[in-house]
Amino acid sequence: MLPPAYIGDMRGQPVVEVVSLTKRFGSVVAVDDLSFTVGPGQVVGLLGPNGAGKTTALRMLLGLIRADGGSATILGERIRPGSPVLKRVGALVEGPGFVPHVSGRRNLELYWRAGGADVTSAHIDDALALSGLGDAVERKVKTYSHGMRQRLGFAQALLGRPELLLLDEPVNGLDPQQIVEVREALLRLASAGTTILLSSHLLAEVEQTCGFVVVLDRGRLVRAGTVAEITAGSDSAYLEVDDTQRAWELLGTVPGIRAKEAAPPNGIIVHLEGAARSDLVAALVAAGIRVETVMARRNLEDAFLEMTGRSGL
Amino acid sequence: MIAVEFSKQLRRWRSRILLLVCLAVSILIAIGVGATANSTVQPLGESGLALLLNRSGLAVGIAALLFTSGLLIPIVFAVSLGEPLASEAKWGSLRYLLVRPVSRSRLLFAKILVGLVLAIATAIVIPLVATLVGTAYFGWHPIATISGSVSSSSFPLFELKHLAPGAVSWRLVLATLYVALGSGALVGIAILVSVATENVLAAVAAGILP
């Protein structure tokens with residue numbers, strides 16, 4: 001049995017602890033001997049291509065399906081269907097699901113009361129404020145667009161100010177503005193101490209939202225660590241300079257560079273092909289450009305493709 | 001959980017339409033019986049004969065129960081009990097009920113209990129409304145029954161017995177509950193199918209076809 005992959009600086013009791021979790025559907029092994037932990041206050045991205053086992057792992061964590069092997073605990077309690085600890089967990093898994101003939105607000109009330117709790121403890125207005133659904137919450141759900149249903153699903157997950165959020169593709173189907181809003185809401189929740197485990201196949205989204213990443217492929221753990229650890233590599237460099245315009249032009253003349261990416265507000269990511277990071281710094285300084293930061297960097301997509309050997313998601 | 005389930009089901013158009021259909025059917029039966037009783041055409045069949053012997057609103061209630069116990073009441077039960085779980089599975093809201101800190105058995109109990117209460121309430125509407133309409137038409141009179149003793153050895157003559165309206169009312173309530181429970185037993189299959197499928201039609205059909 002593999003020990004759980006501890007991510008980052010683990011202090012106190014893990015919020016999520018997955019040990020050798022396995023799930024088979026017939027001859028298909030959807031999740032294979034998966035182990036990882038999530039610490040208090042961490043924002044962890046469960047990353048993998050379609051069919052990697054992300055949703056299956058989340059379903060087992062919520063007691064929606066039974067594991068064939070291993071164990072999953074949340075806040076120290078082993079998960080089984082209807083576990084009492086689930087009242088401390090907010091979830092959005094396999095897309096939102098609502099009773100269509102009642103309003104969004106009524107759906108939230110019914111969901112919360114189904115758990116035996118008084119509706120005043122749900123803090124519905126706080127959840128709605130974070131989800132940004134606006135007045136539409138008073139309309140029947142059958143009139144909602146996909147994005148609105150996704151926002152309501154997000155609000156539902158936030159009811160009762162949960163200690164742990166399990167979110168399966170939370171920005172799926174949202175437009176860019178909505179994605180930014182959800183990301184900001186997640187970061188606000190994380191800064192308030194909420195632990196978040198979210199699955200996604202959107203690498204850039206995970207990179208901007210999560211501090212930690214668990215990479216899955218074909219049901220198995222490929223790697224776990226901080227985003228910085230995962231993206232650290234020798235084939236690229238991240239530079240912060242005082243004059244990005246001049247630096248951009250100058251770097252175009254330096255040999256051994258494969259490509260450049262802007263990283264606003266004042267950063268440039270350089271993909272190296274022979275050049276050393278010290279060469280870049282030397283060229284910039286010689287041209288009178290101040291270099292504030294230089295660090296080895298790949299983006300998460302590069303790292304992911306390298307780990308899984310895939311050409312795409 | 002039970003209050004939540006009542007809230008969901010009572011807000012549904014399906015529940016309201018089912019109730020309206022039962023109301024309409026019971027009124028139509030009452031009108032039909034009234035029209036037949038006044039005509040010179042003798043309806044065939046045991047129930048028709050029995051009804052002509054009785055010009056009482058209670059007889060109309062009995063007729064409504066007899067006419068609907070074969071199909072309409074089983075449909076009411078199959079829809080009320082087989083449809084809610086399959087519908088929630090289709091909408092995806094069942095998934096979120098299952099991640100609440102509530103046991104599966106409690107969840108299922110709430111669904112079945114609410115379905116049963118609503119189905120029985122809807123089924124009761126049929127003889128109740130038919131009796132009321134019939135009473136308005138014929139009045140509130142004793143019922144003559146032909147289930148009395150044989151009074152002749154050479155010819156099978158039946159002795160008419162009259163039952164007081166109060167006694168008939170209790171019998172009608174018991175008969176309604178008997179029909180309801182019979183239908184409820186059959187739609188156990190609908191519940192079984194509804195927990196295994198998102199196909200609402202399949203779940204409802206499973207409660208009627210047996």
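Each remark here, short or long, concerns the structure printed above.
Residues numbered from 1 in each chain as written. Chains lettered and ligands numbered in written order. Predicted model: local features only at pLDDT ≥ 70, side-chain atom pairs only at ≥ 80, totals over all residues.

1. Some remarks on the overall build of chain A
If you tally the helices and strands in chain A, you get ten helices and 14 strands. Taken against the 2.2 N^0.38 rule, which gives 20 Å for 313 residues, the C-alpha radius of gyration of chain A at 22 Å falls within 12% of a compact globule. Projected onto its principal axes, the C-alpha positions of chain A cover 70 × 50 × 35 Å. Taking all 313 residues of chain A together, 43% fall into the buried category. Of all intrachain contacts in chain A linking residues separated by at least 6 positions in sequence, the fraction that spans at least 24 positions is 70%. (Helix = DSSP H or I, 4+ residues; strand = E, 2+ residues; numbered from the N terminus. Rg over C-alpha atoms; globule rule 2.2 N^0.38 Å. Buried ≥ 20, exposed ≤ 12 C-beta atoms within 10 Å, placed from the backbone. Contact = placed C-beta atoms within 7 Å.)

2. Some points on the packing of helix H7 (residues 104-138) of chain B against helix H8 (residues 165-186) of chain B
All names here are of chain B. At a minimum axis separation of 10 Å, H7 and H8 run at an interaxial angle of 135 degrees. Put simply, H7 runs oblique to H8. Considering the relative orientation of H7 and H8, their crossing is right-handed. On H8, the residues that touch Leu116, Ile120, Ala123, Ile124 and Pro127 of H7 are Leu172, Thr176, Ala180 and Gly184. A per-class count over the contact of H7 with H8 returns seven nonpolar, two polar and no charged. (Axes fitted to C-alpha atoms, helices over the stretch in contact; angles between N-to-C directions. Parallel < 35°, antiparallel > 145°, perpendicular 65-115°, else oblique. Left-handed = near helix turned anticlockwise from the far one by under 90°. Nonpolar A, V, L, I, M, F, W, Y, C, P; charged D, E, K, R; others polar.)

3. Brief notes about the nonpolar core
All names here are of chain A. Within the largest apolar cluster, 131 residues are counted, with the highest numbers of intra-cluster contacts made by Leu61, Leu166, Val213 and Val214. Those residues in contact with Leu166 that lie beyond four places of it in its chain are Leu58, Leu61, Leu62, Val89, Ala91, Val93 and Leu197. Grouped together as the second largest cluster of nonpolar side chains are ten residues, Ala237, Val241, Leu251 and Leu284 included. (Core = buried A, V, L, I, M, F, W, Y, C linked by C-beta atoms within 7 Å.)

4. Here we look at the interface of chain B and chain A
Opposite the 20 residues of chain B that make contact, chain A presents 26 residues. Counting only elements with at least two residues in the side of chain B that touches chain A, the list comes to helix H1 (2-10) and helix H6 (93-98) of chain B. For the side of chain B that touches chain A, the leading source of residues is H6(B), giving five residues. Grouping the constituent residues of the side of chain B that touches chain A by class yields ten nonpolar, four polar and six charged.

5. Considering the sheet that holds strand S4 (residues 69-74) of chain A
Residue and element names in this part refer to chain A. Pairing within the open sheet is antiparallel, and its four strands lie in the order S2-S1-S4-S5. Unpaired on one side and paired on the other, strand S2 (28-38) and strand S5 (77-78) mark the two borders of the sheet. With five bridges connecting them, strand S1 (residues 16-25) and S4 associate as antiparallel partners. The residue bridging Glu17 from the neighbouring strand is Thr73, located in S4. Each of S1, S2 and S4 touches helix H1 (residues 54-61); the most contacted strand, S1, lies at about 115 degrees to it. (Pairing = 2+ DSSP bridges.)

6. Regarding unusual backbone geometry
Residue and element names in this part refer to chain A. At Asp33, a position not held by glycine, the phi torsion is positive, near 55 degrees. Mapped onto the secondary structure, Asp33 falls in strand S2. Of note, the phi angle at Arg218 is positive, near 50 degrees, even though the residue is not glycine.

7. So, the sheet that holds strand S13 (residues 267-272) of chain A
All names here are of chain A. Here four strands make up an open sheet; going across it, the order is S12-S13-S11-S14 and the pairing antiparallel. A single partner strand is all that each edge strand has here, and the edge strands are strand S12 (257-263) and strand S14 (291-296). Each neighbouring strand pair of the sheet contributes to a mean axis angle of 20 degrees, computed without reference to strand direction. Here strand S11 (residues 236-241) pairs with S13 via five bridges, running antiparallel.

8. Topic: the environment of Gly147(A)
Residue and element names in this part refer to chain A. For Gly147, the location among the structural elements is in helix H4 (residues 146-158). In sequence terms Gly147 and Asp175 are 28 residues apart; their C-alpha atoms lie 7.6 Å from each other. Those residues within four positions of Gly147 in sequence are excluded, and the remaining contacts are Gly173, Leu174, Asp175 and Gln178.

9. What to know about the packing of helix H5 (residues 72-91) of chain B against H7(B)
All names here are of chain B. It is at 9 Å that the axes of H5 and H7 come closest, and there the two elements cross at 155 degrees. The orientation of H5 relative to H7 falls into the category roughly antiparallel. Between H5 and H7 lies a crossing whose hand is right-handed. Mapping the contact onto sequence places Ile73, Val76, Phe77, Ser80, Leu81, Pro84 and Leu85 in H5 and Lys111, Ile112, Gly115, Leu116, Leu118, Ala119, Thr122 and Ala123 in H7. A per-class count over the contact of H5 with H7 returns eleven nonpolar, three polar and one charged.

10. Digging into H5(B)
All names here are of chain B. In this model H5 runs 27 Å from its N-terminal to its C-terminal C-alpha over 20 residues, within 8% of the 28 Å that 1.5 Å per residue would give. The sharpest bend along H5 measures roughly 40 degrees and falls at Glu83, with the proline Pro84 sitting one to four residues further on. Across the 20 residues of H5, 17 count as buried, placing the element largely inside the fold. Residue Gly92 follows H5 closely and has a positive phi angle near 90 degrees. (Expected span 1.5 Å × (residues − 1). Bend = angle between axes of the 7 residues up to and from the residue.)

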